[in-house]
Amino acid sequence: MCTPASEAQITVEVTLRSILAKYRPDPKDRKPFPCRLTAGSTVGDLLATLGIPEGVARLVFVDHVRCDPSAVLGDGAKVDVFPPIAGG
Amino acid sequence: MGTLIRVRMGALSALTDEVPGHLRALGGRALTSALVGGEVPPSCHPLSAENKLVLAPGLLAGTAAPCSGRLSIGAKSPLTGGIKESNSGGTAAQAMGRLGLAAIVAEGRPTRDVPYLLVVDRAGSRLLEAPELRGLGNYDTVDLLHKRFGDKVACISIGMAGEMRLAAASIAITDVDGHPTRHCGRGGLGAVMGSKGLKAIVLDADGLPRPSSADAEAFAAAAKRLAKHLAAHPVTGQTLPMYGTNALANVINAAGAYPTRNFSAGTFEGVEAISGETERDTILARKGNPRHPCHPGCTIGCSSTYPDKDGNFLSKGPEYETVWAHGANCGIADLDAIARMDRADDDIGLDTIEMGATLAVAMEGGLLPFGDAEGALRLLEEVRRGTPLGRILGSGAAITGKCFGVSRIPCVKGQAMPAYDPRAAKGIGVTYATSPMGADHTAGYAIAQNVLGVGGTVNPLQPIGQAALSAALQQATAAIDSTGLCLFVAFCVLDVPDAGQAVVDLINAHRGTDWSPNAYLETLGKATLRHEREFNRLAGFGALDDRLPDFMETEPLAPHNSVFDVPDEDLDSVHAGL
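About the thresholds
Residues numbered from 1 in each chain as written. Chains lettered and ligands numbered in written order. Predicted model: local features only at pLDDT ≥ 70, side-chain atom pairs only at ≥ 80, totals over all residues. Heavy atoms only, no water. Contact = heavy atoms within 4.5 Å. Buried area = accessible area lost by both parts, 1.4 Å probe. Salt bridge = Lys/Arg side-chain N within 4 Å of Asp/Glu carboxyl O. Polar contact = N/O pair within 3.5 Å; in protein donor to acceptor, adjacent residues only side chain to side chain. Nonpolar A, V, L, I, M, F, W, Y, C, P; charged D, E, K, R; others polar. 1 Å grid on protein atoms, 1.4 Å probe; cavity = no way out; pocket = protein on both sides within 12 Å on 5 of 7 lines; lining within 4 Å. Points joined across faces, edges and corners; volume = space filled by probe spheres on them. Helix = DSSP H or I, 4+ residues; strand = E, 2+ residues; numbered from the N terminus. Pairing = 2+ DSSP bridges. Axes fitted to C-alpha atoms, helices over the stretch in contact; angles between N-to-C directions. Buried < 20%, exposed > 50% of the residue type's maximum accessible area, 1.4 Å probe, protein only. Parallel < 35°, antiparallel > 145°, perpendicular 65-115°, else oblique. Core = buried A, V, L, I, M, F, W, Y, C linked by side-chain atoms within 4.5 Å. Arc of directions from axis to C-beta.

**Q** Would you take a moment to explain the interface of chain A and chain B for this structure?
**A** Interfaces are often described in size by the accessible area the parts lose on coming together. Across the boundary between the two partners, chain A contributes 18 residues, which contact 38 residues of chain B. Each partner contributes to the roughly 2200 Å² buried at the junction of chain A and chain B, and carbon and sulfur atoms together form 60% of this total. Considering only the side of chain A, the residues that lose the most area to chain B are A:R30, A:H64 and A:G88, jointly responsible for 29% of the buried surface there. In this assembly, chain A and chain B are joined by four salt bridges. Where chain A meets chain B, there are 13 residue pairs in polar contact (both at pLDDT 80 or more). For the side of chain A that touches chain B, the residue count by class is nine nonpolar, four polar and five charged.

Okay, here's the thing in structure tokens:
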């Protein structure tokens, strides 16, 4: 759990990829982990809660849709967070 | 600048010639497409004597410019029936640059059924009979060539698929370790080489200096600027070197655009097992090399070496497209099996994208179940042996689909789509539809803006803006493909304006031109696309060929439940500004 419980809360499922491993609860565990947030929290709030500096998490997908930091998270959302990545 | 070797297979001669005056400013794709467009009858059969195989390094070949070792190969494609340029890393382009070669043109057809070998060194070029190479895979071929000519030569070769003139056949180029792991994969160019009776080309540039630049000081300064930008950019300086191209697997899956089980879904439940992170962990645990340049002078190093479970070299680390094609697209979540298929493709001389797509179509057609890795490997061995089934599979996804009664065939102009579903990334769908090359992600990589947030953002699920995006990218890509620079340089160029200026400065300093960025884009980008479009028009292609297969418009793709809905008028507008 990322934050202590208070007020109305939501829980989102977070996956941190590649070089963002160090921000996971257990850096070696790639599996998604739950994170509790205040209802109305945004993607930016989530990243701040996880201690990920601005610009390090370039790509955030919420339920398969790429979102910017102002996007509001819903309860049960699946959030995939990536550093800048390209290739192909 | 540079000379041209004409290899006349009918006369069995290899003669040095000057590059025609109007083509001297060109290199790479601009030169292959201009030569093919100017010298090959568009209506000819791709395997006939009238077709020509053109090999051209980029304008910066042999220099110290970072990431400038791509080799373009062009011809009329046996897979698409249109013009083709396919480029690859490896050691050949830099060797050709040091040998002062702007191009090698193989034309005609020999009268005798003997494999031939072209050798080019400082003394000139010669064509030799090489019966000992007949029927060999690329690994055995280059082993013999290295024993005969030394470890330092660059080798270009075809495997059994090319000798059988199969439409999915690739042309292999040796990497910096001498393995035939770099391939001009797309469009069946290996079959054209096979039709010329040309089994291999050996390039010996050992001890030769780099080509001199018109303004060496300005060149060195521009090279330093570009190298600095590449190192500082988070993609070319950090994630590509660390995780390779397969870092994309989780990203594209997260975007719901990861084609799964023959393009029937947009996410794969087994993605974690075949992701770039798992690939890196596996390579490190087995003491492989996680960062390997695909050509000398590459500063990104997104490739790797992949050992087997005993720690012995198995293949290069399979690239994103290869992992997807044989993995998610076939329902296979086993990296070791994928690496074995990569090795088989490289050895037989097959395009990994086309073969993965073909295996998935074969699975859909009931030849074997999705997820059957050992069965897929057995099918590749059918191709190696040249059985009737193997020859069908080696002819690509479209032919295989027809033979097995499959209606979901993910091809454009006969060429299989790569690892991005156009229903969830519509900009890349526009590129697939309208590129003169057939379905080709590298021709206009709209994934950068649709998914990755590089060079701006265009909503991947909406049709708006996709045509203009693809048009601009296709023009810029044709230009980059003519410089010899790796396309991944573009990730940096798209974000850092001075990196783009450094590319133009490099060319001007090396070649003595005074191109503005617009002149560079016009001469190498737009003009190249015009040549290619005109060739295809004369070969019989029209607007209806610039479309995706019907199922893209009728079968919604989970998880977005979207279809490809970019209007036909938008597709027809893509090349209107050329």
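Still to come is the rest of the account.
**Q** Could you clarify how one ought to interpret empty space enclosed by the protein in this entry?
**A** Residue and element names in this part refer to chain B. All told, the structure shown has one cavity of 30 Å³ or more when counted by the stated rule. Space inside the largest cavity adds up to approximately 110 Å³. Lining of the largest cavity is provided by 16 residues; of these, Y243, G244, E279, C302 and S304 occupy positions nearest its centre. Elements with a minimum of two residues in the lining of the largest cavity: helix 7 (234-243) and helix 9 (276-285). The biggest single contributor to the lining of the largest cavity is helix 9, with four residues. The class makeup of the residues in the lining of the largest cavity is six nonpolar, seven polar and three charged.

**Q** Honestly, the sheet that holds strand 1 (residues 3-8) of chain B in this entry has me stumped. Any pointers?
**A** Neighbouring strands of a sheet are bound in pairs by backbone hydrogen bonds; such pairs are parallel or else antiparallel. All names here are of chain B. Spatial ordering of the open sheet is given by 2-1-6-3-4-5, a layout of six strands whose pairing is mixed. A strand with exactly one partner marks an edge of an open sheet, and here the two such strands are strand 2 (13-18) and strand 5 (83-88). Mean inter-strand twist for the sheet, computed between neighbouring axes without regard to direction, equals 20°.

**Q** Would you take a moment to explain helix 7 of chain B for this structure?
**A** Note on helix geometry: an α-helix contains 3.6 residues per turn, so any two residues three or four positions apart are oriented the same way. All names here are of chain B. All of the buried residues in helix 7 are V235, T236, T239, L240, P241 and Y243. At its buried positions, helix 7 is contacted by helix 6 (216-232), helix 9 and helix 19 (489-495). At the exit of helix 7 stands G244, carrying a positive phi of roughly 70°.

**Q** Help me understand the packing of helix 20 (residues 497-511) of chain B against helix 21 (residues 517-538) of chain B in this model?
**A** Two quantities define a packed helix pair, namely the angle between the helix axes and the distance between the axes. Residues and elements named next belong to chain B. In contact at an axis separation of 10 Å, helix 20 and helix 21 are set at 70° when each is read in the N-to-C sense. Classed by the angle they form, the pair helix 20 and helix 21 counts as roughly perpendicular. Facing Q501, V503, V504 and I507 of helix 20, the residues of helix 21 in contact are P517, Y520 and L524. Across the contact of helix 20 with helix 21, the residue classes tally to six nonpolar, one polar and no charged.

**Q** So what exactly am I meant to see when it comes to the environment of B:V504 here?
**A** Positionally, B:V504 belongs in helix 20. In this structure the C-alpha to C-alpha distance between B:V504 and B:F551, which are 47 residues apart in sequence, comes to 42 Å.

**Q** It is not clear to me how the nonpolar core should be interpreted in this structure. Could you clarify?
**A** Generally speaking, soluble globular proteins have nonpolar side chains that are buried together. Ranked by size, the top nonpolar core spans 139 residues in total, and within it B:Y258 and B:L452 carry the most contacts. With 36 residues, the next largest nonpolar core counts B:I156, B:C184, B:L189 and B:I201 among its residues.

**Q** For this particular structure, what's the right way to read the sheet that holds strand 9 (residues 154-157) of chain B?
**A** Residue and element names in this part refer to chain B. One open sheet accounts for six strands, arranged 8-7-12-9-10-11; its pairing is mixed. The two strands at the open ends of the sheet, each matched to only one other strand, are strand 8 (124-129) and strand 11 (182-184). With strand direction ignored, the average angle separating the axes of adjacent strands in the sheet is 20°. Here strand 9 pairs with strand 12 (residues 198-203) via four bridges, running antiparallel. Bridging across to strand 12, I156 finds its partner in I201. Helix 3 (residues 138-149) rests against strand 7 (116-121), strand 8, strand 9, strand 10 (171-173), strand 11 and strand 12 of the sheet, and its axis sits at about 145° to strand 9.

**Q** What should I look at first to understand the pattern of salt bridges in this one?
**A** Pairing is possible between side chains that carry opposite charge, provided their charged atoms lie close to one another. In the structure shown here, the tally under the stated rule is 42 salt bridges over all chains. With a closest N to O distance of 2.8 Å, B:R6 and B:E107 form a salt bridge. Of this pair, B:R6 sits in strand 1 while B:E107 is found in strand 6 (residues 101-107), placing the two residues 101 residues apart along the sequence. Like B:R6, the residue B:E107 is buried in the burial classification. Residue B:D572 pairs with B:R547 through a salt bridge whose shortest N-O separation is 3.1 Å. Placement of the pair is B:D572 in helix 23 (residues 568-573) and B:R547 in the loop between helix 21 and helix 22 (551-554), with a sequence separation of 25 residues. Look at B:R547 and you get buried, because its relative accessible area is 15%. In the salt-bridge network here, residues are joined through shared partners; they are A:R17, A:R30, A:D80, B:E272 and B:D281.

**Q** Mind showing me how you'd approach helix 1 (residues 43-50) of chain A here?
**A** Residues and elements named next belong to chain A. Within helix 1 the residues assigned to the buried category are V43, L46, L47 and L50. Viewed along the axis of helix 1, the buried residues span an arc of 95°, placing them on a single side of the element. Two to three positions downstream of the cap, the backbone nitrogen of G44 sits 3.3 Å from a side-chain oxygen, assigning the N-cap of helix 1 to T42.

**Q** I would appreciate a short explanation of unusual backbone geometry in the present structure.
**A** Going from B:A558 to B:P559, the amide bond is cis rather than trans, its omega being 10°. Locating B:P559 in the fold gives a position in the loop between helix 22 and helix 23. Positive phi, normally seen in glycine, also occurs at A:H64, with a value near 75°. Mapped onto the elements, A:H64 comes out in the loop between strand 3 (59-62) and strand 4 (65-66). Accessibility expressed as a relative area gives 28% for A:H64, which makes it partly exposed. Even without being a glycine, B:C67 presents a positive backbone phi close to 60°. Inspection of the secondary structure puts B:C67 in the loop between strand 3 (52-57) and strand 4 (71-76).

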